Amino acid sequence: MQVHTFAPTEALAPFVRAFQIIEADGATEKLLIPETGLILGFRYAGSSTLMEGTARLEVPDHVVTGLRATARRMVTAAGSGIVLAKFRDGAAGAFFDPPLHQLFGATLPLEELADPRVVEAASAGIRAARDHRARVDVLERFLLAQRARRDWRGDPVVGAALRALRADPSLRVAPLAGELGLSVDGLEKRFRRSVGASPKQVASILRLRRALGAHRPGTPLTRLALDAGYYDQAHFIRQVVAAVGVAPRAFLHAAQFCL
């Protein structure tokens, strides 16, 4: 599997963390670790299937995935290619109308959130593009057009909460809400609408990704757990089991996963 990463242009940098083009020469299977931002994709070749327990979902060629609490396995056919936009946390509302918590755990055809004619035009441009840079350029134009259709302004309170959680994902929601002048319920409603999950769920994803990203052979689990913001190793183990289905030691030694 080949992954090519592109930085967004200045106009999209506040909203998009990165563009990626992923191509599979042969059939592959990867574990997708939960992310804190939505992901949009246009497939220009091949197919892929999401596996969750015994359930199978053929991934639409034009797709949006919401935040989720658990990992899923992606089986990709040989010869497949897809271009992705990975949104920053709290930024996808600049492009899509629904409150983002309605997309939690969902994998939807993009046509449910954007004009199908515009989606198909962008898809045709991506399929006709001669190289990866050209594919990303088409996707950027699509997003800029989506952005121009919406009068969106980010919620400054949610932005402050996100910055606090990124700095310290072990923060408790009640003290954070108090510092921001809101009740817990008030913060959670605004946060879920803008980000797509609750503050507690986002903090859990941040800790998990931080721990997995810091893992190196021989790193003690206790050190991984404490550095990522877990209370202790037992807390880390429980979250890994809840998210990926196995204990961290077995998972980190055997799994091929995508961060």
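This text follows the structure it describes.
Residues numbered from 1 in each chain as written. Predicted model: local features only at pLDDT ≥ 70, side-chain atom pairs only at ≥ 80, totals over all residues. Heavy atoms only, no water.

What follows concerns the overall build of the protein chain. Looking only at helices and strands, the protein chain has 9 helices and 11 strands in total. Relative to the globule expectation of 18 Å for 259 residues, the C-alpha radius of gyration of the protein chain, 19 Å, shows essentially globular dimensions. In terms of its C-alpha atoms, the protein chain occupies a principal-axis envelope of roughly 50 × 45 × 35 Å. Look at the contacts in the protein chain between residues 6 or more apart in sequence, and 71% of them connect residues 24 or more apart. If you sum the accessible surface of the protein chain, you get close to 12300 Å²; carbon and sulfur atoms cover 53% of it. Here the protein chain carries 34 positive and 25 negative side-chain charges, and the mean point of each set is 4 Å from the other. (Helix = DSSP H or I, 4+ residues; strand = E, 2+ residues; numbered from the N terminus. Rg over C-alpha atoms; globule rule 2.2 N^0.38 Å. Contact = heavy atoms within 4.5 Å. Areas by Shrake-Rupley, 256 points an atom, 1.4 Å probe, with all protein chains shown as cover. Lys, Arg positive; Asp, Glu negative; His and termini not counted. Charge placed at Lys NZ, Arg CZ, Asp CG, Glu CD.)

Our focus in this paragraph is the sheet that holds strand β2 (residues 16-24). One key point about sheets: their strands pair by backbone hydrogen bonds, in either a parallel or an antiparallel sense. Within the open sheet, the 6 strands sit side by side as β1-β2-β9-β4-β7-β10. Their pairing is antiparallel. Each edge of the sheet is formed by a strand with only one pairing partner; in this case those strands are β1 (2-6) and β10 (107-109). With direction set aside, neighbouring strand axes in the sheet form an average angle of 20°. As paired strands, strand β4 (residues 39-45) and strand β9 (residues 80-87) are joined by 6 bridges and run antiparallel to one another. By the bridge assignment for β9, L40 is matched with A85. Against the sheet, helix α1 (residues 116-128) makes contact with β4, β7 (62-65) and β9, and its axis sits at roughly 55° relative to β4, the strand it touches most. Against the sheet, helix α2 (residues 132-148) contacts β1, β2, β4 and β9, and its axis sits at roughly 135° relative to β2. (Pairing = 2+ DSSP bridges. Axes fitted to C-alpha atoms, helices over the stretch in contact; angles between N-to-C directions.)

To continue, consider the pairing of β4. With 6 of 7 residues buried, β4 is to be regarded as a mostly interior element. Where β4 meets β7, 4 bridges bridge the pair, whose relative direction is antiparallel. By the bridge assignment for β7, L40 is matched with V64. (Buried < 20%, exposed > 50% of the residue type's maximum accessible area, 1.4 Å probe, protein only.)

For the coordinates displayed, the defined rule picks out 6 aromatic pairs. Taken together, a centroid distance of 5.1 Å and an interplanar angle of 50° make the contact between Y230 and F236 tilted. Each member of the pair Y230 and F236 is classed as buried. Pairwise contacts between aromatic rings join F15, F87, F95, F96 and W152 into one cluster. Sitting above the plane of the Y44 ring, R135 keeps its charged end 4.2 Å from the centroid. (Phe/Tyr/Trp six-rings, centres within 6.5 Å; stacked < 30°, edge-to-face > 60°. Lys NZ or Arg CZ within 6 Å of the ring centre and 35° of its normal.)

So, on to the nonpolar core. Generally speaking, nonpolar side chains in soluble globular proteins are found buried as a group. Membership of the largest hydrophobic core comes to 48 residues, with the highest contact counts inside it found for L40, F42, L139, F142 and L143. Those residues within four positions of F142 in sequence are excluded, and the remaining contacts are L40, F42, L110, A114, V118, V119 and A122. Grouped together as the second largest cluster of nonpolar side chains are 17 residues, L208, A211, L212 and A228 included. (Core = buried A, V, L, I, M, F, W, Y, C linked by side-chain atoms within 4.5 Å.)

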